[in-house]
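Coordinates in review
Okay, here's what each chain looks like letter by letter:
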Amino acid sequence: MELNGAEIVVQCLKDEGVEYLFGYPGGAVLHIYDALFKQDAVKHILVRHEQGATHAADGYARSTGQPGVALVTSGPGATNAVTGIATAYMDSIPLVVLSGQVPTPVIGSDAFQEADIVGITRPCVKHNFLVKDVHKLAETIKKAFYIATTGRPGPVLVDIPKDVTSPAIKIPYEYPKTVTLRSYNPAVKGHRWQIRKAVDLLLEARRPMIYAGGGVILGNASAVLTDFTRLLGFPITNTLMGLGGYPGTDQQFVGMLGMHGTYEANMAMHECDVLLAIGARFDDRVTGKISEFCPRAKIIHIDVDPASISKTVRVDIPIVGQVGPVLEDMIEMIRSSTKVPDPKALSDWWTQIARWRGIDCLRYDGNSSIIKPQYVIEQLYEATAGAAFVTSDVGQHQMWTAQFYKFDQPRRWINSGGLGTMGFGLPAAIGVKLAHPESEVVCVTGEASIVMCIQELSTALQYMTPIKIVNLNNRYMGMVRQWQEFNYESRYSHSYLATLPDFVKLAESFGHVGMRIEKPSEVRAALEAAFELSDRTVFLDFITDSTENVYPMIEAGKGHHDMRLSPCSSVERELA
Ligand SMILES: Cc1cc2nc3c(=O)[nH]c(=O)nc-3n(C[C@H](O)[C@H](O)[C@H](O)COP(=O)(O)OP(=O)(O)OC[C@H]3O[C@@H](n4cnc5c(N)ncnc54)[C@H](O)[C@@H]3O)c2cc1C
Ligand SMILES: Cc1ncc(C[n+]2csc(CCOP(=O)(O)OP(=O)(O)O)c2C)c(N)n1
Ligand SMILES: [Mg+2]
């Protein structure tokens, strides 16, 4: 088959089995858009801003495990995509971003809409390419998908100059079946001797703790993690990115850890004697003060990326490999071992954990006449029977969703953890809904975050992606306000939003349904009414308590045991 460069791009996407391409046209990609026009296997989703394209592709990827794909033009199209690329990079999400570039003869001449996007994105992609020769196009796109999806996943950008996609040059096309990259051989199996040492340590532990992160979800290893954890009977915590990697309603689950983690998870981290970190990267929101991190523990770390090992916290037993195969090896060794964890020590450990749990650290004022944000999330959890895909933006609403919506399955909780990108939630929800048209998709957001990519409400109408937007409207950049209350003597510098739009009218103007909810007694009925409208996007504007804070909180520079607790739970703490 003979194809021109533009047709090759589209044919490669078909051969990769790409279902959706999120994009926005412009001069440098017009040949590609013309090739897209002539086919319907790859469905193009026209977003309203290139940031939306990358976030929607990202939501698609997080919820399916398949790579998300975006197409943007050169210059401003490409630079608009950078925030989405960096968001995916920080959370290790597989994306392939195709960007148009000015023609090869004028690269470097400040040509119209020229930006050095390969240079700009170098620090926030797993890899990037500039394709200067149409003969290299198919092979480069194959490499891009391979790199994005193997080892530690991540975004890959392919920059394609306009002349490379010219309709004038046709060449024979064949999509490579495999690619080999000399210096890229990601590990799968862990080192057997290291795994043996780790298993011995785990079986001798008296106060063990499992800390599992996003790597479990990225590696599709939730089922094996669940078997492993139940076999040992150990307590387990998840990072923000790991939620759903272990069932959130299970008794062995002690909640999220870290800055806004539960009292019991953080105290168990502080007191444990053996810590098993699985697909987690010891982020600063998790470790708190490094010198006080797990002071009594020997640490085992399973991670596919050797660069993650001992990056911030020195570990005793590193295991480089994919979570799934490593845990399978561990299960086999545990089953064939004569040793078992000391039942008395384990039972005493669980008694201690139950005492910490008794503090009820997430308790809030349930009798308030103003809507409490936590209450909305609790009601959302019940109204959806815990089965929805939930995206979020960034701020207090994100933390309350992580704390109060219990995720029993992986890939249901879709949020920007590493970069913390406001504006992520709405476009991500569109990507999720396209991938899962039969499921409920909810975007929990704040009134500051939602306006950052509000234009995508238009995309939601065009492609009929009926999502439910739960806006926890506290009239503040709540997370910023909270830090100003705690650290700047309540000087609320530029964190109050004085001129908000009427969100009901805004939703209606985009062709959707808007609802404003002001009383706690109306919360559940509003949610149910919204879910009844199964073919409509509904914007629920919940007017919530503007003074509410997220608790517990480990403030910057503090250790896990040094948490600021909610006034609602501190009394119980004294008693415990
Ligand atoms: C406002 C705000 C507050 C936050 N507060 C908290 C908080 O309280 N608690 C919290 O936990 N986070 C919090 N975060 C998120 C935090 O910033 C980090 O994003 C998060 O802690 C990182 O999670 P992780 O360690 O699971 O790593 P991820 O970023 O998910 O990284 C996954 C790790 O697993 C490895 N990996 C990937 N695939 C595999 C595989 N197949 N096999 C083996 N290893 C693999 C990767 O190499 C990497 O090291 C907050 C974020 C925001 C925006
Ligand atoms: C793009 C971007 N700009 C700034 C920030 C810093 N920031 C983190 S949370 C936050 C406030 C978010 O406010 P809102 O969306 O209303 O959520 P709330 O905290 O009130 O729930 C800000 C400004 C960010 N995370 N992302
Ligand atoms: Mg707010």
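Just so it is clear, the structure is predicted and the values come from calculations on it, not from any experiment. The residue count restarts for each chain, going from 1 along the sequence in the order it is written. Key to labels: chains lettered from A, ligands numbered from 1, both in the order written. Where totals are concerned, whole chains, interfaces and linings use all residues; where local detail is concerned, this predicted model gives features only for residues with pLDDT of at least 70, and gives and counts side-chain atom pairs only at 80 or more. To obtain the side-chain values, all non-hydrogen atoms of the structure were included, while hydrogens and water were left out.

We call an atom a donor if it is N, O or S and sits within 2.8 Å of the metal, or 3.2 Å for Na, K and Ca. Water is not counted, so some sites may look partial. Coordination of the magnesium ion (ligand 3) by the protein involves Glu447 (OE), Glu447 (OE), Asn474 (OD1) and Tyr476 (O), with metal-donor separations of 2.1 to 2.7 Å. Around the magnesium ion (ligand 3), the 6 donor atoms sit at angles spanning 50 to 175°, and that spread fits a shape best called irregular. Each donor residue of the magnesium ion (ligand 3) lies on one chain, and together they are spaced E-x26-N-x1-Y. Using a relative accessible area of 17% as the deciding quantity, one classes Tyr476 as buried. All geometry calls rest on donor angles, where a four-donor set with angles between 85 and 135 degrees is tetrahedral, four- and six-donor sets with opposite donors more than 155 degrees apart and all others between 65 and 115 are square planar and octahedral, and all else is irregular. Exposed residues in this analysis have more than 50% of their type's maximum accessible area, buried residues have under 20%, and partly exposed residues fall in between, with area computed by a 1.4 Å probe over protein chains only.

Before going further, it helps to examine the site of ligand 1. In the vicinity of ligand 1, 36 residues are found, and the nearest of them are Gly214, Thr239, Arg281, Asp303 and Gln322. N or O atoms within 3.5 Å of each other form a polar contact, as long as, within protein, one can give a hydrogen and the other can take it, and as long as residues adjacent in sequence are counted only when both atoms are side-chain atoms. Measuring from an oxygen atom of ligand 1, one finds a backbone N or O atom of His260 at 2.8 Å. Starting at the N terminus, helices and strands are each numbered in turn, a helix being any DSSP run of H or I of at least four residues and a strand any DSSP run of E of at least two. Those elements giving two or more residues to the shell around ligand 1 turn out to be α8 (214-218), α11 (284-287) and α15 (396-404). For the shell around ligand 1, the element with the most residues is α8, which contributes 3 residues. If a single non-hydrogen atom of a residue is within 4 Å of a molecule or strand, that residue counts as near it.

The next subject is the packing of aromatic side chains. Ring geometry is summarised as follows: Phe, Tyr and Trp rings, the Trp one being its six-membered ring, pair when their centres sit within 6.5 Å, and such pairs are stacked at plane angles under 30 degrees, edge-to-face over 60 and tilted between the two. Taken as a whole and judged by the stated rule, the model has 16 aromatic pairs. Judged by centre distance (4.8 Å) and plane angle (35°), the ring pair of Tyr405 and Phe407 falls under tilted. The class of Tyr405 is buried, set by a relative accessible area of 1%. Phe407 sits in the buried class, given a relative accessible area of 3%. Centre to centre, the rings of Phe503 and Phe539 are 5.1 Å apart; their planes meet at 10°, and the pair counts as stacked. Highlighted residues: Phe503 in helix α20 (residues 503-509) and Phe539 in strand β20 (residues 538-543), separated in sequence by 36 residues. As far as burial versus exposure is concerned, Phe503 and Phe539 are alike and both buried. Here the aromatic cluster, defined as three or more aromatic residues joined through ring pairs, consists of Tyr381, Tyr405, Phe407 and Trp413. The criterion is that NZ of a Lys, or CZ of an Arg, lies within 6 Å of the ring centre and within 35 degrees of the ring normal, and then a charge sits over that ring. One residue, Lys43, lies across the ring of Tyr20, its end atom 5.3 Å from the ring centre. Over the aromatic face of Phe389 sits the side chain of Arg412, whose NZ or CZ is 4.2 Å from the ring centroid.

Following DSSP output, two strands are said to pair if at least two bridges run between them. If you trace the 6 strands from one edge of the open sheet to the other, you get β3-β2-β4-β5-β7-β6, paired in parallel fashion. The strands lining the two open edges of the sheet, one partner per strand, are β3 (43-46) and β6 (127-130). Across this sheet, the average inter-strand angle for adjacent strands is 20°, counted without regard to direction. The pairing of strand β2 (residues 20-23) with strand β4 (residues 68-72) spans 2 bridges and is classified as parallel. Paired with Phe22 across the strands is Ala70, a residue of β4. The convention used is that axes are lines fitted to C-alpha atoms, helices contributing only their stretch in contact, and that angles between N-to-C directions extend from 0 to 180 degrees.

Our next topic: helix α14 (residues 373-383). Three or more residues of α14 are buried, namely Pro373, Gln374, Val376, Ile377, Gln379 and Leu380. We call two residues in contact whenever any of their non-hydrogen atoms come within 4.5 Å of each other. Check the buried side of α14 and you find it contacts α15, β17 (441-446), β18 (468-473), α21 (523-532) and β20. Following α14 by one or two positions, Ala385 has its phi on the positive side, about 50°.

What the 6 strands build is an open sheet, ordered β16-β15-β17-β18-β20-β19; its pairing is parallel. On the outer flanks of this sheet lie β16 (413-414) and β19 (513-517), each paired with one strand and no other. With 2 bridges joining them, strand β15 (residues 389-392) and β16 adopt parallel strand pairing. Opposite Val390, over in β16, you have Trp413 as the bridge partner. Sitting on the sheet, α21 touches β17, β18, β19 and β20, and the angle it makes with β20 is about 170°.

The next thing to look at is the site of ligand 2. Taken together, 17 residues lie near ligand 2, and Gln396, His397, Gly420, Ser449 and Gly478 sit nearest. One of the backbone nitrogen or oxygen atoms of Gln396 is found 2.8 Å away from an oxygen atom of ligand 2. Measuring from an oxygen atom of ligand 2, one finds a backbone N or O atom of Tyr476 at 3.0 Å. When ligand 2 sits alone it has 590 Å² of accessible area, and the protein chains cover 76% of it. Elements represented by at least two residues in the shell around ligand 2 include exactly α15, α17 (447-450) and α19 (478-487). Reported accessibility uses the Shrake-Rupley method at a 1.4 Å probe radius. Residues are deemed covered only where the shown protein chains occlude them.

Omega for the bond connecting Tyr551 with Pro552 falls within 30 degrees of zero, at -10°, which places this linkage in the cis form. Here Pro552 shows up in the loop between β20 and α22 (567-575). Of note in this structure, Arg475 is not a glycine but carries a positive phi near 60°. You can see Arg475 is positioned in the loop between β18 and α19. The residue Ser490 is not glycine, and still its phi comes out positive at about 60°.

Remember that the coordinates give geometry; whether it matters functionally is a separate question.
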